[in-house]
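Remarks on the overall topology
Listed below are the residues making up each chain.
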Amino acid sequence: MWVDARSRAAYQYFGDVVCFDSTYLTNKYDLPFSNFVGVNHHGQTILLGCALLSHENAETFVWLFRAWLSCMGGKAPAAIMTYQDAAMRKEIRIVMPMPHTRHRWCMWHIMQKFSRKLGSLTDYPQIKVALKNVIYNSLSPEEFEEGWAEAIKKYKLEVCVDDTNKDTNKDTKQSSKWLQVLYKQRDMWIPAYVKHIFWARMQTTQRVESINSFFDGYLKKNTRLYQFAPRYCKAMESRANDERAADVNCSRFTRPLVGEFVYERKCQKVYTDAKFVEVQVQCTRVCYVTPVSKKDISDVEVEHTVSDRVWIWSKFLKKEISLGGSKRTYVVLFNKETLFGKCDCKYFECHGIVCRHIIKVLDMENVVTIPASYIMDRWRKDIQRKHTLVKVAYHDPEKTKEINRYEKIMNAVEPAALLGSQNEQKLDIMLEMVRAAMLRMDVSDVVTTEVADNEGGAASVLNRRGSDGPPTLGSVNKPPNSSGEESPCQSPPILAKDPVPRGGVKAHRSREKRFIPPGENTKPAKKQVRKNKKGVAEDAPPEQPATNPPVPFKQPMDPVAMNPDYTRHQGIKYGNAQNNFHPGWPNQFVMAGYNTVNIVDPQHQVGGNNVRACVGQMSGTLIYPQHNYNNGAPMQNYQASATRVGGGV
């Protein structure tokens, strides 16, 4: 049996409810793998101890529980859940005496036996539905006992008490005896007997989760002993990473409100995201709660009776649904001084989340301040828990993803830095490569952000939230700046990545074509044309002969030959003040004037210090970046000759 330091620290916060399971695996050495499991503030499963047992007898389990308690400082849990075993019930009472620890059997294991124990009965489907309704929908022990007796009498399952009746079916006798044993032990597994105790939603009608899935994917029956340790560490590392990722998401993102309830607004600020979702489920179902009556019991106590739908867990839909529109009443006892209410459903006492009936009563009583007793520290996200800072073999709080990337970069750059330090020539090469890499990363960040913002998708939202959000816990600090101060650590922005080619084939389009800057996708929409039987478009206009065909471009050209009205000035200065253009080449050539610069093409404007000259409507644009022109400035040493550019810039 072993418990690591992280699990011991987590037990201080989440050791109130523990589940022990020894039915998971038995390897080739006949060593069953037993584990102590808890639930953290995100509702995730955490490990609180492990054991490999050679014997499953009373003496071994007594030793195991005592050794585990000694590792946890002698602090016994408030509630413990195990599989159905009468011997283990006695052992737990010896080690952890009642009423300090409440023992409960896992309902999942018991419900799995219904088909095996009762499947041979003729009315098995009806019997199972009737018994499940009594088990899950009973609010009090008295209600369960009445419903159970009625179901047993209806389907004639009480005949086992009469062993002299030879007409009784053998299968019916065995099934009846098994049900009678379960009824005698009803305080160990029926929810109506244990719902007043906090169980952290570890075993409810809404969430039937087997503890066996904790190590699925890491351990198998054929796992050898020398393979167990590294696989165990991988499983624990995965759980630690999941908890850290959930902590980061809770610090970055917040869900919007679904209503204007005071309790919901309070939980939005302090609860983790997983638990706030459970709060919102109750808030959305307040609309189905209807007030029935109100009665004053005393000066400070009021009794509210409300009506609500009956919600059951659907195994096929994996969620709660209303049971055919059926309703039942609940009684909420509200105290005006403490602003605290108690409901018959015992939802808050069992799960730690205020039920919809109390939320409705708080709204009816115009409660503005939520009592502190309704906010559980167990679900809060603003508490720094010590176990997240403990360093163990499978988890190092300083080894974040940012640090792992940084170490990879340093390992790759170190050999190049050693070569670059040999002489000045290699140093210049190394520095040039570093500057080019930094420039490339900066440009990539800008382009990716622009594309994401233009698309308006999830990536743009994450980039904005990542840049504006608070610093990530445990992230890497940037190197100190020139002033010797360290730059504040911000959350790394989430950037869009290139599509990963499938099947090892490279992408057939370049990055420039995959990520089109905004405003450049000018491809016209494809027009749908209706065609007749001959394949001719019905709406197509008749073809017209082409008029004014373009004159072929000839080179070299002389501006004086193009327009005789041009006047030569000082040998190398051409043009006049009004920019005369050849009539056969409209809007295709631009001649800059002597004192004024005018552009005929309406798509280009003269502004600042740049002048663009359009060389043909189908030829592209010719730009002379080496000349700077100002409006009204004279042109010097410019020869008005141009060369056709085939569609380029």
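For the structure itself, look to the data block above.
Rules behind the numbers
- Residues numbered from 1 in each chain as written.
- Predicted model: local features only at pLDDT ≥ 70, side-chain atom pairs only at ≥ 80, totals over all residues.
- Heavy atoms only, no water.
- Pairing = 2+ DSSP bridges.
- Helix = DSSP H or I, 4+ residues; strand = E, 2+ residues; numbered from the N terminus.
- Axes fitted to C-alpha atoms, helices over the stretch in contact; angles between N-to-C directions.
- Contact = heavy atoms within 4.5 Å.
- Buried < 20%, exposed > 50% of the residue type's maximum accessible area, 1.4 Å probe, protein only.

Moving on, we come to the sheet that holds strand β6 (residues 290–296). Sheet architecture is open: four strands sit in the order β6-β7-β8-β9, paired in antiparallel fashion. Whereas interior strands pair on both sides, the edge strands pair on one side only; in this sheet they are β6 and β9 (341–343). Within this sheet the neighbouring strands show an average axis-to-axis angle of 30°, counted without direction. Bridge count between strand β7 (residues 301–314) and strand β8 (residues 319–335): 13 bridges; the pairing is antiparallel. Across the sheet, residue Val-306 finds its bridge partner in β8, namely Tyr-330. Along the sheet, helix α14 (residues 356–364) makes contact with β6, β7, β8 and β9, crossing β7 at roughly 145°.

The element α14 is extensively covered by neighbouring structure, given that seven of its nine residues are classed as buried. By the burial criterion, the buried members of α14 are Arg-356, His-357, Ile-358, Ile-359, Lys-360, Val-361 and Leu-362. Each element contacted by the buried residues of α14 is listed here: α11 (262–270), α12 (273–284), β6, β7, β8 and β9. Immediately beyond the C-terminal end of α14, within one or two residues, lies Asn-366, with a positive phi of roughly 55°.

Further remarks concern unusual backbone geometry. In the Ramachandran plot, Leu-339 falls in the positive-phi region, its phi being about 60° despite a non-glycine side chain. With relative accessibility at 25%, the residue Leu-339 sits in the partly exposed group. Phi angles above zero are rare outside glycine, and Asn-366 is one such case at about 55°. Along the polypeptide, Asn-366 turns up in the loop between α14 and α15 (401–420).

What follows is about the pairing of β6. Two elements, β6 and β7, share six bridges in a ladder whose sense is antiparallel. Counterpart to Pro-291 in the pairing with β7 is Val-306. Between β6 and β7, which pair antiparallel and follow one another directly, the connecting turn spans four residues.

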